[in-house]
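This is what each chain is made of:
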Amino acid sequence: MDTTMIIDTLWVFLAAILVFFMNLGFASVEAGFARAKNTVNILSKNFIVFAVSAIGFLLLGWGLMFGGDNPFVGTQNLFILGSSDLSFYDQTLTSNVPFWGKFFFQLVFCGTAATIVSGAVAERIKYISFILFSFVLTLVIYPIVGHWVWGGGWLADLGFQDFAGDTVVHSVGGWAALSGAMILGPRIGKYGKDGKVKAIPGHNMSLAVIGLFVLWLGWCGFNPGSTMSFQTPSDVMHILVTTNLSAVAAVLTSTITSWIFIGKPDLGMTINGCLAGLVGITAGCAYVSIEISLLIGAIAGVLVVFAVSFFDRIKIDDPVGATSVHLVCGVFGTLCVGLFAQEGVTTLSTKNGLFFGGGFSLLGVEVLGILAVGAFVFVTSSVVWLVLKKTVGIRVSREEEIAGLDIGEHGNVAYPDFAAVAAESDVLFDEPAVQPAAEVAAAVTAPIAAVSREEAVPVVHESRSSKMTKVTIITNQSRFSQLQDALEQLGVTGITVTNVFGHGMQKGHQTYFRGAPVETRLLPKVKIDVVICKVPIQTLVDTVQKVLYTGKVGDGKIFVYDVEDVIKIRTKEHGYDALQDED
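None of these values were measured; they are calculated from a predicted model. (Residues numbered from 1 in each chain as written. Predicted model: local features only at pLDDT ≥ 70, side-chain atom pairs only at ≥ 80, totals over all residues. Heavy atoms only, no water.)

Another aspect to go through is the overall build of the protein. Counting its secondary structure elements, the protein contains 18 helices and seven strands. Look at the contacts in the protein between residues 6 or more apart in sequence, and 78% of them connect residues 24 or more apart. For the protein, the computed accessible surface area is about 25,900 Å², with 63% contributed by carbon and sulfur atoms. (Helix = DSSP H or I, 4+ residues; strand = E, 2+ residues; numbered from the N terminus. Contact = heavy atoms within 4.5 Å. Areas by Shrake-Rupley, 256 points an atom, 1.4 Å probe, with all protein chains shown as cover.)

Here's what the structure looks like:
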């Protein structure tokens, strides 16, 4: 084996595993943008979609995509599994990489197209229906489009250019996602009775940002790896830089655009903006200059912000913005080839676009390809979705959607905050332990865990007839340390502290998620419960007011309650006797 083959194979191997790693990125972004009650479902779909893609592409997809030069679909050597004639594909794509290396590289691209659909239909699709759709998409629909462009089909013959897959990967996934979102309909609660958009915020933006950076890293294999050769390092490095500069420009413009039109630099829009820049440059990364890559990214960053709002307004509910990112910016990126391609910027660029003296020739072919692929994928995807709808069904029940797909589809929860745990696993009790109803409700709704679960006890107990009073203080989290010190100085040491969310009559602060107002505007608070008997109530109240007062809305409130009785579970003692000693 010569050095050229070794270098090219290693390069394709590295690029392929980077693209494979993007599965983690998609899973994280989608999970972060979904609600906590659907996290297991999102993560599971991103596992299953690659497995299904691998089987579909292995059984038939590769053959349909690369099996001969028929203008519309591969017809030769279709079934590679168990085939003894894989030499048929020696000259496919490149002759310097072994067959199974080429196969895996194309497989991870196929899996990416299927993964795009997952986010757009999130939080209401049946698990089995998603699996079946993904199988058909990767078995037939994606490979046919891939054949048209990369497999020697009719668009390739016309001179259609799509270097790394704006049309073949992103638009295919985007059209299939759009079809699915339209047929499924919006999530419950997405629109009010007046038709106005209601935000359904994602539950974990930290996870979404982690996913974004994983995807950004993966794109360093997605676009540069599409050279399938490292024999011209300058080409690879040019593609790497155009890819990253487009993303950088889009981060800035999407942030600025959301800042201007929404009033705040919305993080969700910035995430979508970065992805928009990466998608927007994918088709032309090898064909445009460094300066033009900045322009493409800048436009894509603006475009995606308005695309998200547009789809919301026309009642196409896409929880993660997949249609805005992959469809809209995939189409835009393909058009950019026809507009900005410049002959000679790399050895791979052989045509000029409209703005570099090439006229409308290349642009016309790009438009034709966009329309042809869009019509084919949207129609075929719609047929598959409708068949599934009439047979196995595609949407979960209303009750399951409200409760969350994690429990209904998988019998799991992503965040089991409260779990009954036996202290001694080998001991059998006469009566089964029953989890408190409050904890059961908390496990379903994923509340915030208590900071401290100490028993609230009074400081001084003089006689059984002394009055017990419970005082509950709700205030800003930032003031807790000062309040705790003040209570200790008073002699109040027994407290229960809980992190909570809520608002008073002022209704909290107005917040937005990707441009839409959040219906429930709950603010993070801390709740402190104490029980006193000797410390005068007014002394405690005055101390709390002195510590917490700032003169601004949100200082908090104090609630005072009479305590009728306290019972110690271990000894069954009542009243002050129950409070004399801690368990």
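Here the focus is the packing of aromatic side chains. Any aromatic ring pair is given by two values, namely how distant the centres are and how the planes are angled relative to each other. Taken as a whole and assessed by the stated rule, the structure comprises 25 aromatic pairs. Their ring planes at 35° and their centres at 5.6 Å tell us that Y89 and F99 sit as a pair that is tilted. With a gap of ten residues between them, Y89 in the loop between α2 (39-66) and α3 (99-120) and F99 in helix α3 connect regions that are remote in the sequence. For the pair shown, Y89 and F99 are each scored as buried. With 5.6 Å between their ring centres and 65° between their planes, W148 and W154 make a pair best called edge-to-face. Given a relative accessible area of 8%, W148 falls into the buried group. Each residue in the set F57, W62, F66, F88, Y89, F99, W100 and F103 is aromatic and connected to the rest through ring pairs, giving one cluster. Residue placement shows K45 over the ring face of F130; its charged tip is 5.0 Å from the ring centre. (Phe/Tyr/Trp six-rings, centres within 6.5 Å; stacked < 30°, edge-to-face > 60°. Buried < 20%, exposed > 50% of the residue type's maximum accessible area, 1.4 Å probe, protein only. Lys NZ or Arg CZ within 6 Å of the ring centre and 35° of its normal.)

Bringing the confidence of the model for the protein into the picture now. With 87% of its residues at a pLDDT of at least 70, the protein reaches an overall mean of 88. Scored below 50 in pLDDT, residues 418-464 shows 60 contacts in the model against residues more than four places distant or in partner chains. (pLDDT = per-residue confidence, 0-100.)

A few words now on the nonpolar core. Core analysis: the biggest nonpolar cluster contains 112 residues, and F109, Y142, W150 and W385 have the highest contact counts within it. Apart from residues no more than four positions distant in its own chain, Y142 is found in contact with F57, M65, Q106, F109, C110, A113, L137, W150, V168, V169 and V172. Counting 18 residues, the second-largest nonpolar core is a separate cluster that includes I528, V535, V544 and L548. (Core = buried A, V, L, I, M, F, W, Y, C linked by side-chain atoms within 4.5 Å.)

Turning our eyes to something else, we now look at helix α8 (residues 233-262). Its 30 residues give α8 an end-to-end C-alpha distance of 43 Å, which sits within 8% of 44 Å, the value for a rise of 1.5 Å per residue. Once α8 finishes, G263 follows within two positions and takes phi at roughly 105°, a positive value. (Expected span 1.5 Å × (residues − 1).)

One non-glycine residue, L93, lies in the positive phi region at around 65°. You can see L93 is positioned in the loop between α2 and α3. The class of L93 is partly exposed, set by a relative accessible area of 37%. The backbone of M228 sits at a positive phi, close to 55°, despite the residue not being glycine. Tracing the sequence through the fold places M228 in the loop between α7 (205-222) and α8.

Contact geometry of α7 with α8 gives a least axis separation of 9 Å together with a crossing angle of 150°. Relative to α8, the element α7 lies roughly antiparallel. Between α7 and α8 the crossing geometry is right-handed. Residues W216, W219 and C220 of α7 form the contact with α8, whose participating residues are L240, T243, N244, A247 and V248. Here the residues of the contact of α7 with α8 sort into six nonpolar, two polar and no charged. (Axes fitted to C-alpha atoms, helices over the stretch in contact; angles between N-to-C directions. Parallel < 35°, antiparallel > 145°, perpendicular 65-115°, else oblique. Left-handed = near helix turned anticlockwise from the far one by under 90°. Nonpolar A, V, L, I, M, F, W, Y, C, P; charged D, E, K, R; others polar.)

Among the ten residues of strand β6 (residues 523-532), eight are classified as buried, and the element is accordingly described as predominantly covered. As judged from the seven bridges shared by strand β2 (residues 468-475) and β6, these two strands associate in the antiparallel manner. Within β6, the residue paired with T475 across the bridge is V526. In the sheet, strand β3 (residues 495-502) pairs with β6 via eight bridges, with the strands oriented antiparallel. Note that in β6 the partner of G502 across the bridge is L523. (Pairing = 2+ DSSP bridges.)

Looking now at the packing of α8 against helix α10 (residues 290-313). At their nearest, the axes of α8 and α10 sit 6 Å apart, and the two run at 35° to each other. Crossing angle aside, the handedness with which α8 passes α10 is right-handed. Listed contacts from α10 to H238, V241, T242, L245, S246, A249, A250, T253, S254, T257 and F261 of α8 are I290, S293, L294, I296, G297, A298, G301, V302, V305 and F306. Looking at the contact of α8 with α10 residue by residue, the class counts come to twelve nonpolar, nine polar and no charged.

Moving on to a nonpolar patch on the surface. A contiguous nonpolar surface patch, about 810 Å² in accessible area, is contributed by V248, L252, I256, W259, I260, F261, V302 and F306. Where the nonpolar patch is concerned, the elements lending two or more residues are α8 and α10. Note on placement: F261 falls in helix α8. (Patch = residues over 30% accessible without salt bridge, like charges linked within 9 Å, V, L, I, M, F, W, Y side chains within 5 Å. Salt bridge = Lys/Arg side-chain N within 4 Å of Asp/Glu carboxyl O.)

Let us look at the pattern of salt bridges. For the structure on display, the rule yields seven salt bridges. Note that K190 and D312 form a salt bridge whose closest N and O atoms lie 3.6 Å from each other. One end of the pair, K190, is in the loop between α6 (166-184) and α7; the other, D312, is in helix α10, and 122 residues separate them in sequence. Across the pair, D312 and K190 agree in class, each one buried. Note that R395 is salt-bridged to E401, the shortest N-O span being 2.9 Å. A cluster of three or more residues bridged by salt bridges with shared partners is formed by R35, E123, R187 and D317.

What follows is about the side chain of D312. Under the relative-accessibility criterion, D312 is labelled buried at 8%. Ignoring anything within four residues of it in the chain, the contact list for D312 reads K190, Y191 and V197.

For the rest of this paragraph, the subject is the side chain of T282. Checked against the element boundaries, T282 lands in the loop between α9 (267-280) and α10. A polar contact of 3.1 Å, which involves the side chain of T282, links it to the side chain of W219. There is a polar contact of 2.7 Å between the side chain of T282 and the backbone oxygen of L278. If we skip the residues at most four places from it in the chain, T282 touches F163, A164, G165, D166, H170, W219, F222 and N223. (Polar contact = N/O pair within 3.5 Å; in protein donor to acceptor, adjacent residues only side chain to side chain.)

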